[in-house]
Each structure stands twice: as C-alpha cells, then as structure tokens.
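The chain contents come next:
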Amino acid sequence: MWVELTKDEWFMKLALSEGYKGKGKTLPNPAVGAVVVKDGRVISTGYHQRAGLPHAERIALERAGKEAKGATLYVTLEPCNHYGRTPPCTEAIISAGIKRVVIGVRDPNPVASGGIERLKRAGIEVEVGVLERECFELIEDFVFNLKSPRPFVSLKLASTLDGAIADKEGNSKWITGKEARAYVHKLRSYHNAVMVGIGTVLKDDPLLTVREYDVEKQPFAVVVDPSLRIPTNSKLVKERSSELIVITSQSSLLSYKASILKDMGVKLIPTYGYEGVLDLEEAFTDLKRDFSIYSLLCEGGSKLSSFLLREKLIDKLYLFYSPKILGTKDFIPMFSGPLAYLKDVKEFEPFSIETYRKDLLIKLYRQG
C-alpha cells in the first residue's frame, strides 16, 4: 500500500539517508543526519562522520552559511545541549538564525538532552516525532550501548519458506537473490564486527568483509571457536589476521595452535565455559571494552544462532525468506537444539517488513 509522505516526512527521509552514511562509524556516538531547507528547497545536508568530529547539524549549517537564516532544520536526533568534544549544537542553531527545527527522535542520553527546551526558549518553532520509528532505528545501537556493558547484537539468517538455511549437505549459497545479498553487505558496514561460528569457517572459508559498498575500514571478523579448530591457512587467518578475533576456551590458550595464531596477529579472547559451552556474554563484554566493538552482526550458523537465542543475546533479528521450498526433512533449520521454553520464541516484536525483489525481510527487536 502506497502512503504519501508529508513535506516534513519527505525532508526527514533525506536526513535519514544522510545519517546512514555514518551508521556504524560514529559509535559510541549516535549516527545523525541533518538537512537545511528554505522555501521548499534543500540548501545543505550533513551527517556525523565519527566521534570527535563535528555533529550533523553543525556541518549542514556551515554549508548553508547565510542562507540558514529563516530556514528549517531537519535533524534525525534532538540537537545536543552540552559541551563534550564539540560545543552544543543548540547554540549553533540559534546563532545561525534557524526559524524552525524538525526532530525525529528525542536524545535518550540524559547528558546531551534538553536541546528541545533550549531551542524553544530561544523562540524557535520545534516539531518532534517526525518518522520517529525510522529515526530510532538509526540510533538503535547507540541507545543499547548507553545501558549495557556488551555490544548491540544483530542476527541475520536467510532461509527458504519452510525454514531451511542449508540443505542436508550444508549447501547454503544463493538462498536469496543478489539484491538481498547486497543489503547484507550494507548491514555489515553498519556494524563494528561480523561474527560466525567455527562450523561456518570450516564449511565456507569466508572473509566476512564488506564488498558491495565502499568503507574506510572493514569490520572486525569474530569467530566463536571453543577448541581452536580454525585453520591457519583459512582466508580469515591468511588475509585478515590483524582484524580477526577468535573467542575460545581458557584451556585452548595453552595449546601450540594458540601460540601460532597469536604470532600471526590473531587476537584471542578466552572465556570460561561449562561442559564446552562458552560464556559469550562475558566475551562480548570484552569485545566492547578491549576492541571498541559496539555493534556486532552474527551471520550464523544454526547452532550459534540457537545458543544466542537461548542466552538472550540477540537484540535484533534480520530474517530473510526466499520464495523457495526445499520440501524435505533433511535440511539445516534456522535454529537447532531445544529451546528451554516456548516463551523464548515470543520475545521478539516485529518492526518492519521489506522486500528485495522476490525475497522478504522481516526485522524484529527483542522485547525487554
């Protein structure tokens, strides 16, 4: 169903497009986009590129120059009202002579909030909540990291309509079409790291890089490998050793293999486990503390996905469904192994449904 956008929504869409240029690069800061509009004409745009650099509003206002006076500023997130690495954006907005500010979502950070009230006291008209859901999605990782010691974790799975992510021989390539696969590379660029289990490494020998889009820096590659089975001649070790992090057991650190991997530049995160099961929550906390990984995209497979689900370590689901039916019991399902309770599969709330040609993407957030 086609829904016509209002003028404010149309310009906020443009601000969102700007904001996504910085998605994954600004953390621990939020990704933000801004647009200056005057007499229905876009004067300038801007987005926050990384922590420590000017905020989106300041970039857009600087580009607008004198034309900012009497204009409307569209910004995805409430302008900051405090001195951090950069001065308050509210002061720049007031000084520029902006007449009206349209905001997508309020700033959840109490340190930086108060911008709306400051702008109103200065006599500026303020509209809040335009495309609020979409603007929240832009800063989902930032919001989560405000309150959690571990990174924001997304899980991406692609399956047939009957729930197969691979056939009985483990073949999983080309379940979805090229448009959906291109979007997955965009997803990788939005995260600080991409994670798989050792089974995926042994089967597919992936690089876990962003290949469909230009990126200044590739995301880290993270492998969950309790027994250090990762081959030293794998692509990840040979080509990405300096960007590779392996989560393993404490006992594996004593092996000769561990010494070889360290000498090759691979980072090892040891964690305690029970009966061969690693404490991934502890390991994820280490990823954030030691490597500044604030957002993590897991691309399976089935066993790792099930474990993350059971341990309540998935914050967002990206489920791709291809219009294909395998039609046999002998396939690898999205999730394998028993879930403790039925309530475990009821913890996700649908956010949106999108199509990529013939493939369907369902996005869901974990509740609570």
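Within any chain, residue numbers begin from 1 and follow the written order of that chain's sequence. Only residues with pLDDT of 70 or above have their local features reported here, since the model is predicted, and side-chain atom pairs are shown and tallied only from 80 upward, although totals for entire chains, interfaces and linings are computed over all residues. To get the side-chain values, take all heavy atoms of the structure and skip hydrogens and water.

Student: Explain helix α1 (residues 7–19) residue by residue, including any values.
Tutor: Counting from the N terminus, the helices are the DSSP runs of H or I reaching at least four residues and the strands are the DSSP runs of E reaching at least two. To estimate how far a helix should reach, multiply one less than its number of residues by 1.5 Å. Helix length check: α1, at 13 residues, gives a terminal C-alpha distance of 19 Å against a target of 18 Å (1.5 Å per residue), a fit within 8%. Burial status follows relative accessibility: with a 1.4 Å probe on protein chains alone, a residue under 20% of its type maximum counts as buried, one over 50% as exposed, and anything between as partly exposed. Within α1, burial applies to D8, F11, M12, A15, L16, E18 and G19. Seen end-on, α1 carries its buried residues on one side only, within an arc spanning 155°. The arc refers to the directions leading from the helix axis to the C-beta atoms.

Student: With reference to specific residues and values, describe the pattern of salt bridges.
Tutor: Should a side-chain nitrogen of Lys or Arg be within 4 Å of a carboxyl oxygen of Asp or Glu, the pair is scored as a salt bridge. According to the stated counting rule, one finds 20 salt bridges in the structure shown. Residues R100 and D8 are paired through a salt bridge, measuring 2.7 Å at the closest nitrogen-oxygen approach. Of this pair, R100 sits in strand β4 (residues 100–105) while D8 sits in helix α1, placing them 92 residues apart in sequence. There is no split in this pair, since R100 and D8 are both buried.

Student: An account of the side chain of D315 is requested, with residue identities and associated values reported.
Tutor: Position of D315 relative to the elements: it lies in the loop between α12 (302–310) and β15 (316–322). Take D315: its relative accessible area is 5%, and that puts it in the buried class. The definition of a polar contact used here is a pair of N or O atoms within 3.5 Å, where within protein one atom must be able to donate a hydrogen and the other to accept one, and adjacent residues in sequence count solely through side-chain atom pairs. Here V153 takes part through its backbone nitrogen, which lies 2.8 Å from a polar atom of the side chain of D315. When sequence neighbours within four positions are dropped, the list of residues in contact with D315 reads F144, R150, P151, F152, V153, L364, Y365 and R366. Any pair of residues with heavy atoms lying within 4.5 Å of one another is described as a contacting pair.

Student: Tell me about the packing of helix α2 (residues 56–64) against helix α3 (residues 89–96), and please be specific about residues and values.
Tutor: For helices, the axis comes from a line fit to the C-alpha atoms of the stretch in contact; other axes are also lines fit to C-alpha atoms, and the angle between any two N-to-C directions lies between 0 and 180 degrees. Relative to each other, α2 and α3 sit at 20°, their axes nearing to 9 Å. When the axis of α2 is compared with that of α3, the two are roughly parallel. Crossing hand, α2 versus α3: left-handed. Contacts between α2 and α3 pair E57, R58 and L61 from the former with C89, A92, I93 and A96 from the latter. Gly falls in the polar group here, along with every residue not listed as nonpolar (Ala, Val, Leu, Ile, Met, Phe, Trp, Tyr, Cys, Pro) or charged (Asp, Glu, Lys, Arg). When the residues that make up the contact of α2 with α3 are grouped by side-chain class, the tally is five nonpolar, no polar and two charged. Geometric relationships in this document are graded by angle, where less than 35 degrees denotes roughly parallel, more than 145 denotes roughly antiparallel, 65 to 115 denotes roughly perpendicular, and other angles denote oblique. Crossing chirality is assigned from the near helix's rotation relative to the far helix, an anticlockwise turn below a right angle marking it left-handed and a clockwise turn marking it right-handed.

Student: Would you mind going over helix α7 (residues 178–189) in detail, with residue names and values included?
Tutor: Between its terminal C-alpha atoms α7 stretches 17 Å, which fits the 16 Å expected from twelve residues at 1.5 Å a residue. In this fold, the buried residues of α7 make contact with β6 (152–160), β8 (193–197), β14 (295–298), β15, β17 (348–356) and β18 (359–366).

Student: Run through the sheet that holds strand β2 (residues 41–47), naming residues and quoting values.
Tutor: With mixed pairing, five strands are arranged side by side in an open sheet as β2-β1-β3-β4-β5. Each edge of the open sheet is held by one strand with a lone partner, namely β2 and β5 (125–128). Going from strand to strand, the sheet's axes swing by 15° on average, the running direction of each strand aside. Relative to the sheet, α2 contacts β1 (33–38), β2 and β3 (72–77), its axis offset from that of β2 by approximately 140°. Pairing between two strands requires that DSSP report at least two bridges joining them.

Student: Which residues make up the side chain of E137, and what values go with them?
Tutor: Considering the arrangement of structural elements, one finds E137 in helix α5 (residues 132–138). Assessed through its relative accessible area of 8%, E137 is described here as buried. Looking at E137, its side chain comes within polar contact range of the side chain of K363, at 3.0 Å. What E137 contacts, discounting residues up to four positions off in sequence, is Y20, K23, K316, F351, K363 and Y365.

Student: Please give an account of the packing of aromatic side chains that cites residues and values.
Tutor: Pairs were defined over the aromatic rings of Phe, Tyr and Trp, the Trp ring being its six-membered one, requiring ring centres within 6.5 Å. Orientation was assigned from the angle between planes: stacked under 30 degrees, edge-to-face over 60, tilted for the rest. All told, the structure shown has ten aromatic pairs when counted by the stated rule. Ring geometry for F11 against Y74: centres 5.3 Å apart, planes inclined by 40°, an arrangement best described as tilted. Of the two residues, F11 sits in helix α1 while Y74 sits in strand β3, which places them 63 residues apart along the sequence. Like F11, the residue Y74 is buried in the burial classification. Aromatic side chains Y20 and Y190 sit 5.2 Å apart centroid to centroid with 40° between the ring planes, which places their arrangement in the tilted category. Taken together, the residues span a long stretch of sequence, with Y20 in the loop between α1 and β1 and Y190 in the loop between α7 and β8 at a distance of 170 residues. A connected cluster of aromatic rings, assembled from ring pairs, spans W10, F11 and Y74.

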